[in-house]
Structures are given as C-alpha cells and as structure tokens.
Amino acid sequence: MKEHSRNLIFAGLLYLVAFIGVVIVSMLGDIGLMFTDDDGLINPSSDTWIFVLTTFFIITASLAVYLIYFFMQRGIAKNPNTKTYLGIFTRIIGTAIASAVSAAVLFLCLNWIADDGEEISILMANTTAAGVILGLIVVINFVSFILFKPRG
C-alpha cells in the first residue's frame, strides 16, 4: 500500500475515533446527555440527538476539508515540477481552513434546539463542552494535515 493511501486511511480513522470518543466521553461526563429513559431503556432525548448530530457535522466538515485538500495536493504531487507547493505552510493553511469551517458549523449549530427539549441547546448550556470539542477538532486537524500528508 502506498504511503499516501495509508495516510488517507489513518486520517479518516482519526476523525472517526474522534467522533466516537467525543460521544462516549460526553455520555460519561455530566453535560446532560441522556441515552436511556427512566426505565433504563435506550431512548435518547432529542437534545442528545442534536448533540450527536452537531458533533457529527463538525467532524464531517473537518474531514471534508481534509479530503478536498488531500485530493488537490495529490494532483499537485503527481507533477514533479510543482512539488514545491507541498510544504508545511500549505498544510498549516489547510489546518486553519478546516478549523475555521468546523468553528462555523459549531456556531451555526449552537442555537439548534428541539421542540420538546430545553429552551437553549445543550452546547449553548455547556459552553465548556463546546470549547473542548472545538479544541479537540483543531488538534485533530493539525495531526491530520501535518502528519498524514498526501504524498509519499
């Protein structure tokens, strides 16, 4: 397997693990997620679904930017005359763009509330959790863009 293919798989797995990790840590933490009802049956509240979907959208936005960057850079890497455009600076720019897109998605989802849920969103009520999630996404973007580069 070529190194760039392995890097793409590792980056995708990193984003997947981040999503699963955020949901599991949030379940174990005390931020108001409820996956079971009073009888112990699995019945997530609508606020819980909104939290999970918001997290999914944030991480998917970062992954989408990474994939766009990856395939653009693969096109550049195929031409030996343009390999100078594959330096660290372009990867840092890609990280900044992916982090900004994720922050924009988080900002758009902050006021997303359910009709039968609370009066404010779960992430608006827990700004620390929102900040931690955004910080984690920034770190994951740095790891993905810097370590899992699109060339061998």
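Scroll up a little and you will see the structure.
The present account deals with the structure reproduced in this document. Computed from a predicted model, the values in this text were never measured in an experiment.

Helices and strands together make up the secondary structure of the protein chain, namely 5 helices and 0 strands. A burial count over the protein chain gives 36% of its 152 residues as buried. Once local pairs closer than 6 in sequence are excluded, the contacts in the protein chain between residues at least 24 apart make up 73%. By element, 70% of the accessible surface of the protein chain is carried by carbon and sulfur atoms, the whole surface being about 8900 Å².

Turning our attention to helix α1 (residues 3-28). Under the 1.5 Å per step criterion, the end-to-end length of α1 is 36 Å for 26 residues, consistent within 8% with the ideal 38 Å. The complete set of buried residues in α1 reads His4, Asn7, Ala11, Tyr15, Ala18, Phe19, Val22, Val23 and Ser26. In this structure, the buried residues of α1 make contact with α2 (46-77) and α5 (127-147).

For threonine 55, the position within the fold is in helix α2. The contacts of threonine 55, once residues within four sequence positions are left out, are Phe19, Val22 and Ile133.

Moving on, we get to the packing of aromatic side chains. A complete count under the given rule lists 9 aromatic pairs for this structure. Ring centres of phenylalanine 19 and phenylalanine 56 lie 5.8 Å apart, and the angle between their planes is 75 degrees; this geometry places the pair in the edge-to-face category. You can see phenylalanine 19 sitting in helix α1 and its partner phenylalanine 56 sitting in helix α2, a full 37 residues away along the chain. A relative accessible area of 18% means that phenylalanine 19 is categorised as buried. Summarising the aromatic geometry, the rings of phenylalanine 56 and phenylalanine 57 are spaced 6.0 Å apart at their centres and angled 55 degrees between planes, so their arrangement reads as tilted. For phenylalanine 56, a relative accessible area of 39% gives the class partly exposed. The structure contains a cluster of three or more aromatic residues connected by ring pairs, namely Tyr15, Tyr66, Tyr69, Phe70, Phe71 and Phe145.

Definitions and limits used
Residues numbered from 1 in each chain as written. Predicted model: local features only at pLDDT ≥ 70, side-chain atom pairs only at ≥ 80, totals over all residues. Heavy atoms only, no water. Helix = DSSP H or I, 4+ residues; strand = E, 2+ residues; numbered from the N terminus. Buried < 20%, exposed > 50% of the residue type's maximum accessible area, 1.4 Å probe, protein only. Contact = heavy atoms within 4.5 Å. Areas by Shrake-Rupley, 256 points an atom, 1.4 Å probe, with all protein chains shown as cover. Expected span 1.5 Å × (residues − 1). Phe/Tyr/Trp six-rings, centres within 6.5 Å; stacked < 30°, edge-to-face > 60°.

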